[in-house]
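# An overview of the molecular structure
So the chains spell out like this:
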Amino acid sequence: MTEALIVIDVQNDFCPGGALAVPDGDQVVAPINAMMARFDTVILTQDWHPAGHSSFASTHPGRGPFDTQEMPYGQQVLWPDHCVQDSDGAAFHPDLRTDGDLIIRKGFRPEVDSYSAFFENDQTTPTGLEGYLRTRGITDLTLVGLATDFCVAFSALDARRLGFSVRVVPEACRAIDLEGSLEAQIENMRQCGVEFA
Ligand code: VGL
Ligand code: ZN
């Protein structure tokens, strides 16, 4: 009862054919569905951007996807338009089980991106997930989904900072891997006490 499974952003736009496709992103669906049966508490997150979001390269004239942009809150990678609210791309993968307890949407404020399920990229605005977990007595988190080196890693690192015990299951995650970001984030997570299994 003190454990939760957190399923990060298993949405069409992060799967093959999607706007920000993660290589083999759809391969996480079967292992995640199987894991869901073993947890009392299952939480899903959904990247949920308004059109013209500040994380979209198309919003910044002269900039392209995967460029880096200085924002008031720090460096931000610019992405292709993805997970636009109510679009097919923002929908969960059609084979993913979505009968979890809570769905957290994130990245809906036009001016701030949100990789983590806990805090927006300004690292101060909470999503409310911490309160949900604490009020239910949950202390141990298992994280799976997309992408390992962005939304999964940021969520895992915030969870450790907040004092949760955190496990990431590589078999049920896939990475974008921009300029070595996968290796760097795995090392980061290890140093912060994230377990892998
Ligand atoms: C993600 C980039 C932009 C993710 C979301 O889910 O990892 N990455 N938005
Ligand atoms: Zn996004």
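Computed from a predicted model, the values in this text were never measured in an experiment. (Residues numbered from 1 in each chain as written. Chains lettered and ligands numbered in written order. Predicted model: local features only at pLDDT ≥ 70, side-chain atom pairs only at ≥ 80, totals over all residues. Heavy atoms only, no water.)

## Things to note about the coordination of the zinc ion (ligand 2)
Bound to the zinc ion (ligand 2) are the protein donor atoms Asp 47 (OD), His 49 (NE2) and His 82 (NE2), situated 2.0 to 2.2 Å from the metal. Viewed at the metal, the four donor atoms of the zinc ion (ligand 2) are separated by angles of 88 to 169°, and the geometry they form is irregular. Counting residues between consecutive donors of the zinc ion (ligand 2) along the chain gives the motif D-x1-H-x32-H. In this pair, Asp 47 sits in strand β2 (residues 41–47) while His 82 sits in the loop between β4 (74–77) and β5 (102–106), placing the two residues 35 residues apart along the sequence. Taken individually, Asp 47 and His 82 each receive the classification buried, so the pair is uniform in this respect. (Donors = N, O, S within 2.8 Å, 3.2 Å for Na, K, Ca; no water. Tetrahedral: all angles 85-135°; square planar, octahedral: opposite > 155°, others 65-115°. Helix = DSSP H or I, 4+ residues; strand = E, 2+ residues; numbered from the N terminus. Buried < 20%, exposed > 50% of the residue type's maximum accessible area, 1.4 Å probe, protein only.)

## Overview of the side chain of Asp 113
Within the secondary structure layout, Asp 113 lies in the loop between β5 and α2 (129–135). Of the buried charged residues, Asp 113 lacks a salt bridge, with Lys 106 as the closest side chain of opposite charge at 6.6 Å. Side-chain polar atoms of Asp 113 contact the side chain of Gln 76, separated by 3.0 Å. Residues in contact with Asp 113, not counting those within four places in the same chain, are His 49, His 53, Ser 55, Tyr 73, Gln 76, Trp 79, Glu 120 and Asn 121. (Lys, Arg positive; Asp, Glu negative; His and termini not counted. Salt bridge = Lys/Arg side-chain N within 4 Å of Asp/Glu carboxyl O. Polar contact = N/O pair within 3.5 Å; in protein donor to acceptor, adjacent residues only side chain to side chain. Contact = heavy atoms within 4.5 Å.)

## Some remarks on the site of ligand 1
Taken together, Asp 9, Phe 14, Leu 20, Asp 47, Trp 79, His 82, Tyr 115, Leu 146, Ala 147, Phe 150, Cys 151 and Ile 176 form the complete shell of residues around ligand 1. At a separation of 3.0 Å, an oxygen atom of ligand 1 approaches a polar backbone atom of Cys 151. In the complex, the protein chains occlude 100% of the 260 Å² of accessible area that ligand 1 would expose alone. Here the residues of the shell around ligand 1 sort into nine nonpolar, one polar and two charged. (Near = heavy atom within 4 Å. Areas by Shrake-Rupley, 256 points an atom, 1.4 Å probe, with all protein chains shown as cover. Nonpolar A, V, L, I, M, F, W, Y, C, P; charged D, E, K, R; others polar.)

## Side note on the nonpolar core
Proteins that are soluble and globular tend to have nonpolar side chains buried together. Counting 57 residues, the largest nonpolar core has Val 7, Ile 32, Phe 118, Leu 129, Leu 133 and Leu 141 as the members making the most contacts within it. Among the secondary structure elements, those contributing two or more residues to this core are β1 (3–8), α1 (29–36), β2, α2, β6 (140–146), α3 (148–161) and β7 (165–174). The element best represented in this core is α3, accounting for seven residues. Aside from chain neighbours lying at most four places away, what touches Leu 129 is Ile 6, Ile 43, Leu 102, Ile 104, Ala 117 and Phe 118. (Core = buried A, V, L, I, M, F, W, Y, C linked by side-chain atoms within 4.5 Å.)

## Quick notes on the packing of aromatic side chains
A complete count under the given rule lists six aromatic pairs for this structure. Here Trp 79 and Tyr 115 contribute two aromatic rings whose centre-to-centre distance is 6.4 Å and whose plane-to-plane angle is 75°, an arrangement assigned as edge-to-face. With Trp 79 in the loop between β4 and β5 and Tyr 115 in the loop between β5 and α2, the pair connects residues that are 36 residues apart, well separated along the chain. Among the residues examined, Tyr 115 registers a relative accessible area of 7% and is labelled buried. Measuring from ring centre to ring centre gives 5.0 Å for Trp 79 and Phe 150, while their planes differ by 90°; the resulting arrangement is edge-to-face. Of the two residues, Trp 79 sits in the loop between β4 and β5 while Phe 150 sits in helix α3, which places them 71 residues apart along the sequence. On the accessibility criterion, Trp 79 (2% relative accessible area) is buried. (Phe/Tyr/Trp six-rings, centres within 6.5 Å; stacked < 30°, edge-to-face > 60°.)

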